[in-house]
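What the coordinates show
Letter by letter, the chains look like this.
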Amino acid sequence: MGIDRRTFIQLVTGGVVGSLFTPVIWKSLDDAAIWSQNWPWIPRLKYGQITEQATLSKFGPSPCSLTVKSVGGSPYVVKGNVENEMSKGGVDAISAGGAQLLYSPSRVNGPMKKVADGKYESISWEEAEKMLSEKLSAVKGQAGKLAIVSGDATGTSSEVLSAFAAGMGSSDCYLMPGDEQAAAVALDNMGGSGQIGYDLDNSDFVLFIGADAMNSWGSVVRNQRVYSEMRPTGEDLKSVYVYAGPFLNSTASSSDKWIPVAPGTGAIFSLGLAYHMLNSGSSASASDFADFKTLVMSRFTPDKVEKAIGVAPGVMAGLAKQLMSASAPLVISGSEFGQGAGAVDIIAATALNMLLGRVGEKGGMKLLADLPLAVDSAVSRTELSSRDFAGYLAAVASDKVKAPEVLLAYEANPVYAMPQADTMAAAIAKVPFLVSFSTWMDETASKADLIMPNPHSFERFDDAQTPYGVGVAMLSACAPVTEPIYNGKSTIDVVLGVASGLGIDLGYESAEAVLQAKAEKAGADWDSLVGGAAFVSDSTESGSLKFAASVLSKAVAMPKGGEIALAPYAKLNVGSSTVAIPPLNCVTISKFELQGKDLFVQINGVTAKKLNVSEGSKVKLTGTGGECVARVHINEGVMNDVIAAPLGFGHTAWDVFSRGKGDNISKILTVGTEPGTGMAVWTSSFVSIA
């Protein structure tokens with residue numbers, strides 16, 4: 001018997017109806033649901049009281065004040081703390097995943113020591129502290145035998161480390177590189193004291209030279225919040241923004257005008273503007289004003305500046321006129337990627353603020369007073385900021401300075417994040433005993449002889465004082481918001497205990513006691529700080545500045561031209577110098593920066609034609625200290641003869657979300673020495689292409 005269309009439909013309909021009325025299928029589905037609920041490996045929702053508690057995160061280049069929401073004591077989400085002036089309610093792209101990072105596969109579970117085959121063996125905290133004490137005891141009192149580097153530029157923890165180094169007889173305590181180093185050296189050469197700050201909140205015209213305020217310069221989250229307050233959507237703008245830099249980055253895109261200026265030529269651009277201001281009669285009361293004016297009017301004339309950096313005299317004259325016409329203008333200079341700028345970049349920009357009469361004024365440049373030290377034997381924050389870790393490591397690499405016997409790395413990843421990374425990593429490899437206090441199994445921890453993990457930001461007491469770039473001195477603090485998940489121990493507690501055993505009295509017995517003392521000496525209320533408030537001080541330094549004309553004369557030279565300049569940039573969604581790509585951020589990475597494992601660099605069409613490459617071409621970039629492999633993306637937002645390249649890729653440690661993705665652009669940065677100041681600089685890095 002054949003089956004026609006009608007018969008077929010009747011059979012199917014009958015089957016469906018039959019299935020609906022038979023209990024067999026529904027009983028099977030019910031049993032399967034019950035069985036699957038009993039499987040022990042299925043994640044369980046945690047029930048309990050929902051609470052909110054203020055804290056700080058230090059995953060990015062600048063601290064971020066947060067409110068953490070927890071259920072049953074377990075954090076599950078964060079939001080910005082609108083009551084805290086430090087980040088004004090904003091959240092950076094790393095801190096947004098702070099709760100998830102508690103469970104990161106990259107976390108170090110407890111103290112470990114390296115064993116013979118290069119693997120790690122878990123040990124107790126007692127054994128770890130004994131190992132550290134024995135190594136330190138052997139070098140105590142011997143100059144050059146101990147070095148310390150901290151990746152925390154704002155915490156009192158670095159103050160404790162500098163005091164410990166002094167007690168050990170070492171002057172080699174450093175911070176990881178940042179824009180605050182160039183600012184500290186600049187201010188010292190200009191005869192000032194304290195910390196340079198910028199009152200973005202009250203300026204009506206801001207010129208950024210190099211400094212990428214929306215991604216890497218200063219307190220990024222706070223900068224973004226101020227921008228949104230000064231330029232509200234659909235309302236009258238309260239401030240004009242102009243950006244001068246090598247490509248159309250986030251700050252340039254957010255500004256009213258972008259002026260293409262090559263990497264490492266910011267000082268020439270500033271002094272070119274100074275020419276027009278001086279020509280219009282601007283002056284300042286400074287001991288070396290005459291020398292400065294002679295220097296600018298002879299060496300930075302409009303024709304010479306145009307020949308050097310390609311900016312037309314009319315553009316320079318127009319911008320100078322805009323600055324002089326504004327009610328509260330402000331000039332800010334820095335590196336395009338938050339490190340490696342020279343002191344002369346800051347000096348030249350400060351000279352513009354001086355000619356505009358904007359130093360110490362509302363909406364201008366400020367000289368902020370350091371908060372009092374908690375540990376008497378610590379070096380001042382200004383002095384610590386000015387120390388040159390890149391210069392020190394470069395000297396170790398070239399055998400001009402003998403490697404220390406012991407190197408302590410606190411919340412720092414110098415094996416990965418230093419310029420000319422392979423050269424610096426080779427210098428660190430000369431150290432016989434490397435100790436990492438990292439929370440994460442980063443590149444430095446993976447090379448360390450001893451790992452003593454610091455707890456996650458949400459699991460410890462901590463504080464943060466006056467992030468570089470803000471316009472007022474401030475202090476925030478936090479207490480743990482959750483019980484420790486792993487077997488970490490506060491590095492401050494470790495150092496205080498080891499110091500006591502070595503006969504070094506730092507004056508405190510716990511991290512909490514140090515931080516409370518810091519708050520008390522600053523005049524802040526500890527309970528208010530850990531409750532989420534920020535202490536703000538309008539205290540500033542007095543005294544006048546000079547132009548440092550002799551330093552400018554030595555250090556600012558016109559570029560040779562004809563080379564391909566490297567313009568690295570940093571974006572917080574791919575991590576920072578201390579944290580790699582957060583797992584939840586992988587989906588936010590642009591296809592023009594990473595595809596699969598291939599890194600992309602960006603050049604414009606004219607440069608691509610000159611280099612004989614096209615969209616997607618695979619190229620090898622070679623710098624002084626190394627090579628990188630990348631593919632090309634054509635972007636007309638990059639100026640001629642410049643390659644824009646993202647930092648944050650090419651990790652060799654961490655986890656599957658970061659390891660082996662792209663290449664590390666820090667390898668091809670070139671470290672040089674700035675004439676006039678002697679500090680290490682690397683914003684003027686050039687590469688060859690093959």
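1. So, the pattern of salt bridges
Enumeration according to the criterion identifies 25 salt bridges in this entry. As a salt-bridge pair, Lys 79 and Glu 52 come within 3.4 Å of each other at their nearest N and O atoms. On the criterion of sequence distance, the pair formed by Lys 79 in strand 3 (residues 74-80) and Glu 52 in strand 1 (residues 50-57) is long-range, its members being 27 residues apart. A salt bridge links Lys 58 to Asp 462, with the nearest nitrogen and oxygen atoms 3.1 Å apart. Highlighted residues: Lys 58 in the loop between strand 1 and strand 2 (64-71) and Asp 462 in strand 17 (residues 462-465), separated in sequence by 404 residues. Per residue, the accessibility class of Lys 58 equals that of Asp 462, and both read buried. Taken together, the salt bridges that share partners define one network made up of Lys 58, Asp 152, Glu 411, Arg 460 and Asp 462.

2. Comments concerning the state of the cysteines
In this structure the tally under the stated criterion is zero disulfides. Here Cys 478 is not disulfide-linked; the sulfur of Cys 64 is the nearest cysteine sulfur, at 12 Å. Note on Cys 478: relative accessible area 0%, which makes it buried. Cys 628 takes part in no disulfide bond, and the closest cysteine sulfur, belonging to Cys 586, lies 20 Å away.

3. Examining the packing of helix 9 (residues 266-279) against helix 12 (residues 313-325)
In the contact formed by helix 9 and helix 12, the axes pass within 9 Å of each other and the chain directions differ by 70 degrees. Considering the angle they form, helix 9 stands roughly perpendicular to helix 12. The interaxial crossing formed by helix 9 with helix 12 has right-handed handedness. Seen from helix 9, the contacting residues are Phe 269, Gly 272, Leu 273, His 276 and Met 277; seen from helix 12, they are Pro 313, Met 316, Ala 317, Leu 319, Ala 320, Leu 323 and Met 324.

4. Points about a nonpolar patch on the surface
A cluster of nonpolar side chains, namely Ile 50, Tyr 76 and Val 77, defines an oily patch on the protein surface of about 260 Å² accessible area. Classification of Ile 50 by relative accessible area gives exposed; the value is 55%.

5. A few points about the sheet that holds strand 3
Here three strands make up an open sheet; going across it, the order is 1-2-3 and the pairing antiparallel. Both edges of this open sheet fall to strand 1 and strand 3, since each of them pairs with a single strand only. In this sheet, neighbouring strand axes are inclined to one another by 30 degrees on average, regardless of whether the strands run parallel or antiparallel.

6. So, helix 4 (residues 125-139)
Under the 1.5 Å per step criterion, the end-to-end length of helix 4 is 22 Å for 15 residues, consistent within 8% with the ideal 21 Å. Those residues of helix 4 that fall on the buried side of the exposure criterion are Trp 125, Ala 128, Glu 129, Met 131, Leu 132, Leu 136 and Val 139. End-on view of helix 4: buried residues confined to an arc of 155 degrees, all on one side of the axis. The outward face of helix 4, more than 90 degrees from its buried face, is lined by the exposed residues Glu 126, Lys 130 and Ala 138.

Rules of the game
Residues numbered from 1 in each chain as written. Predicted model: local features only at pLDDT ≥ 70, side-chain atom pairs only at ≥ 80, totals over all residues. Heavy atoms only, no water. Salt bridge = Lys/Arg side-chain N within 4 Å of Asp/Glu carboxyl O. Helix = DSSP H or I, 4+ residues; strand = E, 2+ residues; numbered from the N terminus. Buried < 20%, exposed > 50% of the residue type's maximum accessible area, 1.4 Å probe, protein only. Disulfide = S-S within 2.5 Å. Axes fitted to C-alpha atoms, helices over the stretch in contact; angles between N-to-C directions. Parallel < 35°, antiparallel > 145°, perpendicular 65-115°, else oblique. Left-handed = near helix turned anticlockwise from the far one by under 90°. Contact = heavy atoms within 4.5 Å. Patch = residues over 30% accessible without salt bridge, like charges linked within 9 Å, V, L, I, M, F, W, Y side chains within 5 Å. Areas by Shrake-Rupley, 256 points an atom, 1.4 Å probe, with all protein chains shown as cover. Pairing = 2+ DSSP bridges. Expected span 1.5 Å × (residues − 1). Arc of directions from axis to C-beta.

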